Amino acid sequence: MPPPDPLAVFTRICSDATLAAGWRRVRRNGGGAGGDGETPQAFARDLTGSIRRLSRELREGCYRPGPLRSWVIAKPGGGVRRLAVPPVRDRVAQSAAVIILAPLVESRMSRASFAYRAGLSVEQAAALVTFYRLRGFTWVVDGDIADFFPSILHAPLRARFVEAVDCQRTRDLIALWLAAFSPAGRGLAQGAPLSPLLSNLALADVDRAVDSRKVRLVRYADDFLLMTRTRPEAEAAAARLAELLRPLGLTLNAAKTRIAHLDEGIRFLGYRFERDRILRSEWARSSTRAGPRAASSPCSSGQTLRLTARVTVYRAVSFPSSSGQPRRRIEL
């Protein structure tokens, strides 16, 4: 049997077929030009030629990312979010990389992480909160990671990527994109197709370290709940999470992180959890704050559901979706 090709991952990313699939993702997601001014329409004018040139540059090692186009948007809950969008050709290449890399790093992801992963949804995250609440995890650290995407340190992220992907040219390509995101060695471009995958990889070890028999974690990007049975356990869990985030350059958002009992009521991912009720808010239906967060829900806006022992079926459930895509089963 011949030895495995050490460049197999990179070769698959650079193939015309994968880049064409990456282009279809870019076209489907919409958006305009990056910092180089080239529009999707201009890239597609000679689509075959554009893809072949990009493939050749990647394979020959002369590919260089273009400038980002940056601006700010208002957050639904106040404040602003900084967006940075790469040129179309970079978005195509990054989308191709995500197509190949996502299955490779999936085994490293935690059951607690729901954002940016195929087949997982906001509804399943809410269902898991319900599942834990019915098992006595009624104290929560309702929290947020401060300035998440712009704060992630590149060095520990690259170390995690090296552990996950055994292909030096792919590692070099990721390093090239990280440098384009921020030459200072910190931050992911919120608007780049690769950033969600890398953000989940950065937190994968933290997720597994926190999620335990006494502490249950449910995380969607930078929003999370740590669920425990007592307040002292919640306080200890919050301190432990803050300690684990520090080497990644991340901190808890003090203004948005609090310890509460579920009887007091909390809001998480557009739901309000209060005693034995769940209320789906209109904000969650219209929000695009984290991309797929606005997916359809079996609990419509303004509708209240009561929790009963029946909710234990959420242990392994596939949720319906307006897009028709199947949802992954949650296995606990």
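Details of the structure are given in the entry above.
Computed from a prediction, not measured in an experiment: that's the story for all the values here. Along each chain, residues carry numbers from 1 onward, in the same order as the chain's sequence is written. Only residues with pLDDT of at least 70 get local features here, since the model is predicted, and only at 80 or more are side-chain atom pairs given and counted; chain-wide, interface and lining totals rely on the full set of residues. Hydrogens and waters are ignored; side-chain quantities use all the structure's heavy atoms.

## Notes on the packing of aromatic side chains
The line we're drawing: Two aromatic rings from Phe, Tyr or Trp, using only the six-membered ring of Trp, form a pair when their centres are within 6.5 Å; if the ring planes differ by under 30 degrees the pair is stacked, by over 60 it is edge-to-face, and anything between is tilted. Type-normalised accessible area, obtained with a 1.4 Å probe on protein chains alone, sets the label of each residue: buried when under 20%, exposed when over 50%, and partly exposed for intermediate values. A ring has a charge above it when a Lys NZ or an Arg CZ is no more than 6 Å from the ring centre and no more than 35 degrees off the ring normal.
This model, assessed by the stated rule, comprises six aromatic pairs. Between Phe148 and Phe149, the aromatic rings sit 5.3 Å apart at their centres with planes inclined by 75 degrees, giving edge-to-face as the arrangement. In terms of burial, Phe148 and Phe149 fall into one category: buried. Clustering of aromatic rings is evident, with ring pairs tying together Phe131, Tyr132 and Phe137. Between the NZ or CZ atom of Arg135 and the centre of the ring of Phe131, over which it lies, the distance is 4.0 Å. The ring centre of Phe137 lies 4.1 Å from the NZ or CZ of Arg229, which sits over that ring.

## A short note on the sheet that holds strand S4 (residues 216-220)
For clarity, the cut-off: What makes two strands pair is DSSP finding at least two bridges between them. Working definition: helices are DSSP H or I runs of at least four residues, strands are E runs of at least two. Numbering for both runs from the N terminus. With axes taken as lines fitted to C-alpha atoms, and helix axes fitted only over the stretch in contact, angles between N-to-C directions fall between 0 and 180 degrees. Two residues form a contact once any of their heavy atoms are found within 4.5 Å.
Strands sit in the order S4-S5-S3-S6 across an open sheet of four strands; the sheet is antiparallel. The sheet is open, and its two edges are formed by S4 and strand S6 (258-261), each paired on a single side. Within the sheet, the average angular offset between the axes of one strand and its neighbour, ignoring direction, is 20 degrees. The pairing of S4 with strand S5 (residues 223-228) spans five bridges and is classified as antiparallel. The residue bridging Arg219 from the neighbouring strand is Phe224, located in S5. Strands S4 and S5 of the sheet are contacted by helix H6 (residues 122-134), whose axis makes an angle of about 165 degrees with S4. Most of the contacts of helix H11 (residues 231-245) go to S5, to which it runs at about 140 degrees, and overall it touches strand S3 (139-144), S5 and S6.

## Structural notes on the nonpolar core
Applied cut-off: By convention a nonpolar core is built from buried Ala, Val, Leu, Ile, Met, Phe, Trp, Tyr and Cys residues, the set being connected through side-chain atoms within 4.5 Å.
Ranked by internal contacts, the top residues of the largest apolar core, which has 65 residues, are Leu58, Leu101, Trp177 and Leu226. Per-element tally for this core: the top contributor is helix H5 (residues 88-105), with nine residues. Apart from residues no more than four positions distant in its own chain, Leu58 is found in contact with Phe10, Cys14, Leu19, Tyr63, Ala93, Arg169 and Leu173. Residues Phe131, Phe137, Ile266 and Tyr271 belong to the second largest nonpolar core, which totals 25 residues.

## Considering the pairing of strand S8 (residues 271-274)
Here S8 shows one buried face, formed by Tyr271 and Phe273, and one open face, formed by Arg272 and Glu274. Two strands pair when backbone bridges link them, and strand S7 (residues 266-268) and S8 are joined in this way by three bridges, in the antiparallel orientation. Among the inter-strand pairings, Phe268 is bridged to a residue of S8, identified as Tyr271. The turn linking S7 back onto S8 is made up of two residues, and Leu269 within it adopts a positive phi angle of 60 degrees.

Without other data, these values stay purely geometric and don't point to any function.
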